[in-house]
Amino acid sequence: MAEENKGLNFIEEIVEEDIRNNKHGGRILTRFPPEPNGYLHIGHAKSICLNFGLAQKYGGKTNLRFDDTNPVTEEVEYIDSIKDDYFQQIYDFAVKLIKAGKAYVDDLTAEEIANLKGTPTSPATPSPYRDRSVAENLSLFEDMKAGKFKEGEKVLRAKVDLASPNMHMRDPIMYRILFTPHHRTGKVWCIYPMYDFAHGQSDSIEGITHSICTLEFENHRPLYNWYIDNLEIFPSRQIEFARLNLNYTVMSKRKLLQLVKENLISGWDDPRMPTIRGMRRRGYTAQGLRNFATTVGIAKRNNLIEFSLLEHCIREDLNKVSTRTMVVTEPLLVEIVNYPKDQIEWLPMDNNPEMENSGRHDLPFSSQIFIEQEDYMDDPPPKFFRLTKGGMARLRSAYIIECIDVEYSSEGTPTKLLCRYIPESKSGQDTSGLKVKTTIHWVEMSQAIDVDLNLYDRLFTVEEPDKQEGDFKAYLNPNSLSVIKNAKAEPFLKQAVETGITHFQFLRKAYYVHDANSNLDKMVFNRTVELKDNWSKGK
C-alpha cells in the first residue's frame, strides 16, 4: 500500500480509497465555488488546479458554482457565468427541517442571539422562541418569504446543540431577511440562506462527491454533516486543505478591495495584485501557475510560500515559450566608424532556441546603434568584460566591435562610443579568430521604436503584511513600480505584437509581456520576472 500511495497527496489518498471501495459507484465530482464578491486570486488558482486536476486524473468532472448567497456583497462586475441557483430547493430543505422540529423562527436580534450564545466552555441560553410549534414556525417562515417582516426582525435557526463546544453548532442561523435584489433572482426572494446552509445542500443537489475547502471551514464540517444527515440527502464529503499564503502580498478580499478603493493600485488587474487578472496582465502563464500549484503541493496545515518560488515556476515556463528580442533600456549611442554610413544590413536571430521550429527574424544593423549605458565603463573593475576604451565585445547576432574613442558631455558622462567592427567576425560566419569574453545586446538607431516599460516588484516591503502592527497599507512597497520611458526596441517587436505574440524575453534583461491596455503607436510592456532570482540573493 505504501508503494502504491507514493507521491499521492492526502486528498488523492482519500479519493483513491473511495474508488477502491466503489463509493458513489466510483464516480468523482468536485466543484469550484469562488464567492462572486471579489476577483479570483492566486489562492483560487491553486483551488482550480486541485479540483479540476482531481477530476481529470480520476476521470471525473468539476462543477463551477458560486456559493455566496448575500446580494449585498455580490456584484455583477465580478461574475462571468453562474450555475443555476438552487433557491427553491434550499428553501424546501429548510421547510423539511421545520416540519421535523429541527428548525425554528427566532425573533431575537443578532445582538441578542450573540449575547445568549455562551462560551466554548459554557452552554448557550435557549431563545424564548426555540420551542415554537411546527405550525407556527411554518407560518412565520412563509411570512418571512412573503416579505411581511423587516430586515433583522426574524431569522430561521437550526435546532442543533446549545451545549456543543463547537460554536457553529449552537443553533446557527439558516435564513435571514434581506430586501436587496439578488443578481440572479432579482426581487423574487427577500430571504437568503446563510453560507453554511447553502454550501452542503448545493453540494448534495449536484451530487458532489468530494467538496474541497480551505482550513478555515474545518470547524464548519460538523454542521455541514448535520444538515446532510438530518435532511437525509446525498452525502457529499467536505475535505479541508491549507490555503495558499504567499509572502509579500495579502490574500484577504477585504484588504485587496481597500487597495482598489483607495487607488493605491490601478485596479483589480494591476500587475502587482495577486488576482488572476493581475497576474495575467503581468504575464504569468497558465502553465506556469499550474506548475506552481503542483510544486507547492497540498498540505493539511497552513504555511507561507516564497514569492520567489512562484517566480521560478513562471520563469521556467517563460523560458520555453517566450520570443527573444532586443530592447535597450538606457541607450548609449555607438558609431561604427568603418561601417558604410548609408548601409542597412539585415541579420538573422533565433526567435526561441528552446522551442523547436520557432523560426528566426531579421534585425537591421547599420553604422549607428544603441547599447546599454552599463555595458561601457571608462575605468572598469576586474572581470568587467564588456566595452571599455580599447576593449572588444560581440554584438548579439552581429559582429565583434572594438571601442577606439569616447565622446563626453560637459558633465563628463559618455554620450557616444566610436567603435570599429571586425567584418570577418559575423555571427555564424566568424573567421576572425578573435576570442571575446562577452556578448551584449543592441538596437539599430534609425529603425528603433520607442516603448515604455513597467518594472514591477513585490507589493509590500515585509513578508507578512497581515501580521504587522498598525495599518497593513503602511508596508506597501513605494518601489513596487518604476517606469522606463522611451526604451529603444528593434522593429520586430511591433511586428510580433501585431501577429499576436505577447510574451517576450528581452535579451539579458527580463521577461516581458505586451500590456493589452496600450496601443501600437506607443507600446507598453510589463516586466513579468527577471531572468535570474535577484531578489532572494539580495535579501
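Residues numbered from 1 in each chain as written. Predicted model: local features only at pLDDT ≥ 70, side-chain atom pairs only at ≥ 80, totals over all residues. Heavy atoms only, no water.

Asks: What's the story with the overall build of the protein in this structure? I'm lost.
Replies: Along its length, the protein carries 13 helices and 26 strands. Taking the principal axes of the C-alpha coordinates as reference, the protein spans close to 100 × 55 × 40 Å. Taken over 539 residues, the protein has a buried fraction of 51%. Residue pairs at least 24 apart in sequence account for 70% of intrachain contacts in the protein once pairs closer than 6 positions are excluded. Within the protein, one finds 69 positive and 78 negative side-chain charges whose respective centroids are separated by 2 Å. (Helix = DSSP H or I, 4+ residues; strand = E, 2+ residues; numbered from the N terminus. Buried < 20%, exposed > 50% of the residue type's maximum accessible area, 1.4 Å probe, protein only. Contact = heavy atoms within 4.5 Å. Lys, Arg positive; Asp, Glu negative; His and termini not counted. Charge placed at Lys NZ, Arg CZ, Asp CG, Glu CD.)

Asks: Mind showing me how you'd approach the pairing of strand β4 (residues 155-158) here?
Replies: By the alternation rule, side chains of β4 split into Val155 and Arg157 and Leu156 and Ala158, which are all buried. In the sheet, strand β3 (residues 103-106) pairs with β4 via 4 bridges, with the strands oriented antiparallel. Paired with Asp106 across the two strands is Val155, which belongs to β4. (Pairing = 2+ DSSP bridges.)

Asks: Just checking my understanding: could you explain the packing of aromatic side chains for this structure?
Replies: We describe a pair of aromatic rings using the distance from one ring centre to the other and the angle between the two ring planes. This model, assessed by the stated rule, comprises 19 aromatic pairs. On the numbers, 4.9 Å between centres and 80° between planes, the contact of Tyr399 with Tyr421 is edge-to-face. Of the two residues, Tyr399 is situated in the loop between β17 (392-395) and β18 (400-408) and Tyr421 in strand β19 (residues 414-421); the sequence distance between them amounts to 22 residues. For Tyr399, a relative accessible area of 5% translates into the label buried. (Phe/Tyr/Trp six-rings, centres within 6.5 Å; stacked < 30°, edge-to-face > 60°.)

Asks: Is there a simple way to think about the pattern of salt bridges in this case?
Replies: Pairing between side chains of opposite charge can happen when their charged atoms approach one another. Enumeration according to the criterion identifies 35 salt bridges in this entry. A salt bridge links Arg281 to Asp269; the shortest N-O distance between them is 3.5 Å. Of this pair, Arg281 sits in helix α9 (residues 276-282) while Asp269 sits in the loop between α8 (253-261) and α9, and the two are 12 residues apart along the sequence. The class for Arg281 is buried, based on a relative accessible area of 19%. For Asp269, a relative accessible area of 17% corresponds to the buried category. Between Asp452 and Lys522 there is a salt bridge, with its nearest N and O atoms 3.4 Å apart. With Asp452 in strand β22 (residues 449-456) and Lys522 in the loop between β25 (510-514) and β26 (524-530), this residue pair connects regions lying 70 residues apart in the sequence. (Salt bridge = Lys/Arg side-chain N within 4 Å of Asp/Glu carboxyl O.)

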